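# Analysis of the macromolecular model
Okay, here's what each chain looks like letter by letter:
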Amino acid sequence: MRQLTKIILAILILLCFGIPGYASGNEHRVVFMGNSITEGWSNADPAFFSGKPYINSGISGQTTTQMLERFERDVINFLPTVVVILAGTNDIAGNGGATTVKRIHANIASMAQLAKTNGIKVVLCSVLPVYKYPWSQSVNPIDSISSLNNLIKTYAQGNEMIYADFYSPMVNEQKGLKSQYSSDGVHPNLAGYKVMDPIVEEAIEKAFILAGINQLKDLTDEPGTITAQGENQPDIKGKAFDNDATTKWFDLANANPGTRESWIQYQLSGNSYIATQYTITSANDFPDRDPKNWELLGSDNGSDWTSLDIRTNEEFSSRLLKKSYSFNNSTSYTNYRLKINSVNNPTTATGVQLGELEILGVPVVSSVSLLPTVLNLDKNDARQLYARVSPSNATATVIWSSSNEAVATVSSSGLVTARSAGNATITATSANNNKTAICSVTVYNSGFTKFEAENATLGGPGAPHLVKDQQGYSGAGFAAPFGNNGDYVQFSITGATAGSQYITLRYAAADGAKIHLYVNGTMIRQVTLGSTGCWGCWTDKEDEVTLNSGDNTIRYKQDTGDRGHMNIDYLAVRNIQTGITDTPEGENDILLFPNPLLSGGLLTVKLPEDAIQLSIFDISGRKVYQEDVMNNEFLMDHSMFKSEGIYIVNVITGKGSKNQRLIVTK
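The text that follows walks through the structure, step by step, so that each part is easy to find. Once a new chain begins, its residue numbering starts again from 1 and follows that chain's sequence as written. The predicted origin of the model limits local features to residues at a pLDDT of at least 70 and limits the giving and counting of side-chain atom pairs to 80 or more, whereas totals for whole chains, interfaces and linings rest on all residues. Side-chain descriptors were evaluated using all non-hydrogen atoms of the structure, hydrogens and water having been removed beforehand.

## A word on the overall build of the protein chain
Helix and strand labels come from DSSP, where a helix needs a run of H or I of at least four residues and a strand needs a run of E of at least two; each type is numbered from the N terminus. Within the protein chain one finds eleven helices and 43 strands. Categorising residues by exposure relies on relative accessible area from a 1.4 Å probe, with only protein chains included: less than 20% of the type maximum marks a residue as buried, more than 50% marks it as exposed, and the intermediate range marks it as partly exposed. Counting every position in the protein chain, which comprises 666 residues, the buried fraction comes to 50%. Residue contacts are counted whenever heavy atoms from the two residues lie within 4.5 Å of one another. The contacts in the protein chain between residues at least 6 apart in sequence include a share of 71% that link residues at least 24 apart. Each accessible area value is a Shrake-Rupley result obtained with a 1.4 Å probe; residue values ignore everything except the protein chains displayed when judging cover. Summed over its atoms, the accessible surface of the protein chain is roughly 29,100 Å², and 50% of this surface lies on carbon and sulfur atoms. In summary, the charge assignment counts Lys and Arg as positive and Asp and Glu as negative, without counting His or the chain termini. Where a charge sits is defined by one atom per residue type, namely NZ (Lys), CZ (Arg), CG (Asp) or CD (Glu). If the 52 positive side-chain charges of the protein chain are averaged to one point and the 64 negative ones to another, these points end up 2 Å apart.

Structure (structure tokens):
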């Protein structure tokens, strides 16, 4: 029932905020990830969420492990600017079984890194104080909460993330939650959420600043030149821009006694600004000198002026009163002038004056950068591009385009999808000032057939499923966990030619593992998977098997005698319609020595006399090296290969193409 409720909520979110893949360039979403404290926030305090692009992804009872598993679906897929992570209390309560503070922190850090990798700014929240959990009385959480909060705070400070401290203002003398903020000592009531509201708002604002989201800045704080029609000592023109309302600019304006018409101007020395707002503060005395009718003007040369905003019959009801004015504008200027057409009472006024003038806007974009700038993809692969504008507080919106949509398309959010072999250029153009950056895309149709884990059949008592909590995987995720007898992943192979073929399993196993290999229901052998050093460090395991013509099943299954845990990304077969693509041994004059190539070693490559071009592909079909052949024998350093696994060395000769398999170890 809860899952159905979340699905309905997701549909409502899409209706309210639009499809995540097509987010408005002006909408900067904030996703709140958490447990029942987060879930209950919008119920207890709906006014806080009303009218804001805030998405509540809290689910009651969840631990950080469960949040990490759904993080891509419930956070990243919404393409937010900021994520607010409030998590850990259910882990400490024991909802997910025995755990440690370090494990909880690792899960929170993994979520934060996933967000950061996807260009999302992160707010990490302290765990709220708890003296006792009503549902877990045997747990003493005080020390664990304190230790976890220290780890979260230190991590945030060291990784350009924002720390939101709910703990300090809400803790009582017993290190629990103050009674006025909760009825059960764990979940905030409305009064508790009202304490949390401004804390998280400030944190979100700081995260927006890190993201460079349209933060209006007073351009008169930038270096520039001030001019005015006139000034009267000691109330000189510079005092209109000194950020001190108690001082003022005063001009007698004797040339226009019937109106006291005058003007004051700010000329930027550096980057031009797009102004959309300004403020005027009345001076400390003589209300008859206040501006009443005026016009704000913009110019790039100080001679040709454009009207930006006109006001008439304005009144300042008190001294030192600051009034704000907004207007629509998308053009940048280096000169801004306030032309005062008349004062409040020209009959009695001896001049015109104001306490402070602020002109607010964003700088024009000077450059755009893309990450990455080069993509090598196989057909149907998809990769995310990230655009950043400079300066960071300029309007961040960019427009994406592809030079060749038959080869690669790009979505409005920068997701590149490879369509067919060839080359394309992806361009990001800033909406502000039309600055561009490009990414060069090459798409290969390498002949590798990949069978992704997300399309495989998963089963077993450990409930292996699609996971996305590590980086570097192919496709939409990888299969995990595998640690119980009976856990399996089964790939359906189609279009095979009968006979012996090589299959390559892409996996990660931090401590190494063993698992049994089955083909068409028959156990073939126990497979040893070497240690990869971490759970996101991927490598290849090649095996030779005999396949039937047409359809086959290949299963990796934990049986008695197997050990260890592993993540499984995909199974690959090269040119499945024709079997193994290595040139037969007696006909192949590509010599690779040593093979396997060990860590730190040098690879000697000897090519046929008529070799024209050399290419090296990794097992997924991505080209990692290519050059025109000038010499038939040369050395290659081990460091050229970024990961261990199987590589295909391909040589184009005057008579055709030859391939040789190379094994690289780390």
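After that view of the structure, there is still more to cover.
## A few points about the pattern of salt bridges
Between Lys or Arg on one side and Asp or Glu on the other, a salt bridge is scored when a side-chain nitrogen of the former is within 4 Å of a carboxyl oxygen of the latter. One pass over the structure, following the stated rule, counts 18 salt bridges. For E231, the salt bridge identified is with K237, shortest N-O distance 3.5 Å. Given a relative accessible area of 25%, K237 falls into the partly exposed group. For the salt bridge of E358 with K322, the shortest nitrogen-to-oxygen distance reads 3.0 Å. Placement of the pair is E358 in strand β16 (residues 356-363) and K322 in strand β13 (residues 322-326), with a sequence separation of 36 residues. We classify E358 as buried; its relative accessible area is 16%.

## Describing the packing of aromatic side chains
Pairing of aromatic side chains requires ring centres within 6.5 Å, counting the rings of Phe and Tyr and the six-membered ring of Trp. Pairs whose planes differ by under 30 degrees are stacked, by over 60 edge-to-face, and all others tilted. Enumeration over the complete set of coordinates arrives at 17 aromatic pairs. With 5.3 Å between their ring centres and 55° between their planes, F32 and F49 make a pair best called tilted. Taken as a pair, F32 in strand β1 (residues 30-34) and F49 in helix α4 (residues 46-49) lie far apart in primary sequence, 17 residues in all. Across this residue pair, the class does not change: F32 and F49 are buried. Ring geometry for F49 versus Y54: centroids 6.0 Å apart, planes at 85°, classification edge-to-face. Under the relative-accessibility criterion, F49 is labelled buried at 10%.

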